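# Examining the three-dimensional arrangement
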Amino acid sequence: MLGYYATTAISSLRRSKALAALMVLVIGLGIGASMTMITIFHVLSGDPLPGRSDQLYAPVIDPRPLARDHSESAEPDGNFTWPDAMNLLHAQRADRQAVMAGGAVPVRPQQSGELPFYETGRYVTADFFGMFKVPFASGHGWRSGDDESRARIVVLNSELNRKLFGNTPSIGRTVRLKNADFRVVGVLDDWRPQPQFYAQLNGRVFGKTDQFFLPLQTAQDLNLDFNGRMSCWDSGGRTSEHCVWLQFWVQLDSTAKAEAYRQFLGSYWREQQGHGRMPRPAHAHLFGLMDWLTRQHAIPDDLRLQLSLSLGFLAVCMINVVGLLLATFLRRGGEISVRRALGARRWDIFLQLGVESCVIGLAGGLLGLGIACLGLWSVRQRPDGYAQLAQMDASMLFGTFVLALVASVIAGLLPAWRACRIPPALQLKTQ
């Protein structure tokens, strides 16, 4: 029966090609615009570490003085001072813990005639690789003893490794960063978490990832260039208790451990107050990875606005489709009345017109898919860090047709109901 209704729907649409084409175009524009933004939002709001994110936490304490200027946020930004980060690191109260900061240094190729170039990377402590399950193509990370001994070792991302050494093995070879030589101990297997959740989230957290990783204490000892935001409220350098610039992450394998660590943070805060530090009321926070991304507004606010506007545009398009379907169905009142007089039930009429709405919706979905692909292509031409992530996957492809069908069915409910309520006798009398 549904096949018959589909055939009838196609025949009916052929009799009013202009109106049918207009409805397909309106649905296609609405679906295309909305699916472009839904796809981008879906990509950017995904879990950067599936299966691991529920064990990763960002602790937050507030070492700032009570007095602050009006431009300063009332909430701490989550960055740590060097003394606090080292204290929590050496306390080892989590299953794993790591301190990190961004860096940008000149890389000096050993090949003659090659010019130095800048690369961004990360200064980290030993647990970084195990805590985030960083995949290695060859080699490994380092141990905590290498942190304390200021070892001059480095882990390269696969992209930088190919740039420096091509396809030849690089473990044990030397890389010169700024004015110091580092021994390569590991090469990552193209690790690209999006967003780059462990970094300062006010920067470019989408797009190109860190190209090298080396011990944080080594970078501090060599005074390598720091890349990121540093907030100070008194004189002092990076190791001062008056400057926040480090990120700190912990791995806690159960909710009980998370609660215990939260209490430990509060105790540490009160202990520091006994030493004349952290004068603000002790209120330590412990954010899970996904909660942290939400708190830090990892998804740009303008994208949320554009998503709302695109969904509003889809709603306007579907309201127009309701009017067009209503005009189409009511114009066929005589045909509907004849079918009713021959014994067709109202449900049969309603189902037939509903199938016709679905046919229009599927055609609009196909057009909308093409428009969405064109929209995503245009996004990829932009210089934004997230632009290259604007790709439609299988779930979004399926979602395009589901959205088109659902929208067309909803749009067709009122016109179909109104058409099947036409009194047959009244229509037959006017024929």
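This section reports on the structure supplied with the text. (Residues numbered from 1 in each chain as written. Predicted model: local features only at pLDDT ≥ 70, side-chain atom pairs only at ≥ 80, totals over all residues. Heavy atoms only, no water.)

With that out of the way, let us pick up the overall build of the protein chain. A count of helical and extended segments in the protein chain gives 14 helices and 12 strands. Put simply, the protein chain has 431 residues, and 47% of those count as buried. Taking the contacts inside the protein chain whose residues are at least 6 apart along the sequence as the reference set, 75% of them involve residues at least 24 apart. Taken as a whole, the protein chain presents about 20500 Å² of accessible surface, with 57% of it coming from carbon and sulfur. (Helix = DSSP H or I, 4+ residues; strand = E, 2+ residues; numbered from the N terminus. Buried < 20%, exposed > 50% of the residue type's maximum accessible area, 1.4 Å probe, protein only. Contact = heavy atoms within 4.5 Å. Areas by Shrake-Rupley, 256 points an atom, 1.4 Å probe, with all protein chains shown as cover.)

Let's shift gears to the state of the cysteines. For the structure on display, the rule yields 1 disulfide. The disulfide that involves C232 links it to C243, with 2.0 Å between the sulfurs. Taking the sign of the S-S torsion, about 115° here, the bridge from C232 to C243 comes out right-handed. Here C243 lies in strand β10 (residues 243–244) and C232 lies in strand β9 (residues 231–232), a separation of 11 residues in the sequence. The class for C243 is buried, based on a relative accessible area of 0%. (Disulfide = S-S within 2.5 Å.)

So, on to helix α6 (residues 158–165). Every α-helical turn comprises 3.6 residues, leaving residues that sit three or four positions apart pointing alike. By the burial criterion, the buried members of α6 are S158, L160, N161, L164 and F165. Projected down its long axis, α6 shows its buried positions confined to an angular sector of 160°, all on one face. Positive backbone phi, approximately 65°, marks G166, located one or two places after α6. (Arc of directions from axis to C-beta.)

It is worth spelling out the pattern of salt bridges at this point. What the rule picks out here adds up to 12 salt bridges. For D84, the salt bridge identified is with R277, shortest N-O distance 2.9 Å. With D84 in helix α3 (residues 82–91) and R277 in the loop between α8 (255–274) and β12 (285–288), this pair connects stretches of sequence that are 193 residues apart. Taking the relative accessible area as the measure of exposure, R277 reaches 10% and is therefore buried. Where D95 meets K257, a salt bridge forms, and the shortest distance between an N and an O atom there is 2.8 Å. Taken together, the residues span a long stretch of sequence, with D95 in the loop between α3 and β2 (96–108) and K257 in helix α8 at a distance of 162 residues. On the basis of relative accessibility, which here comes to 31%, the residue D95 falls in the partly exposed class. The network of salt bridges with shared partners includes D62, R64 and R280. (Salt bridge = Lys/Arg side-chain N within 4 Å of Asp/Glu carboxyl O.)

Taken as a whole and assessed by the stated rule, the structure comprises 21 aromatic pairs. Look at F128 and F213: their rings are 5.4 Å apart centre to centre, the planes differ by 40°, and that puts the pair in the tilted class. Of the two residues, F128 sits in helix α4 (residues 128–131) while F213 sits in strand β8 (residues 212–215), which places them 85 residues apart along the sequence. When the centroid spacing of 5.9 Å and the interplanar angle of 75° are considered together, the rings of F129 and F213 count as edge-to-face. Taken as a pair, F129 in helix α4 and F213 in strand β8 lie far apart in primary sequence, 84 residues in all. (Phe/Tyr/Trp six-rings, centres within 6.5 Å; stacked < 30°, edge-to-face > 60°.)

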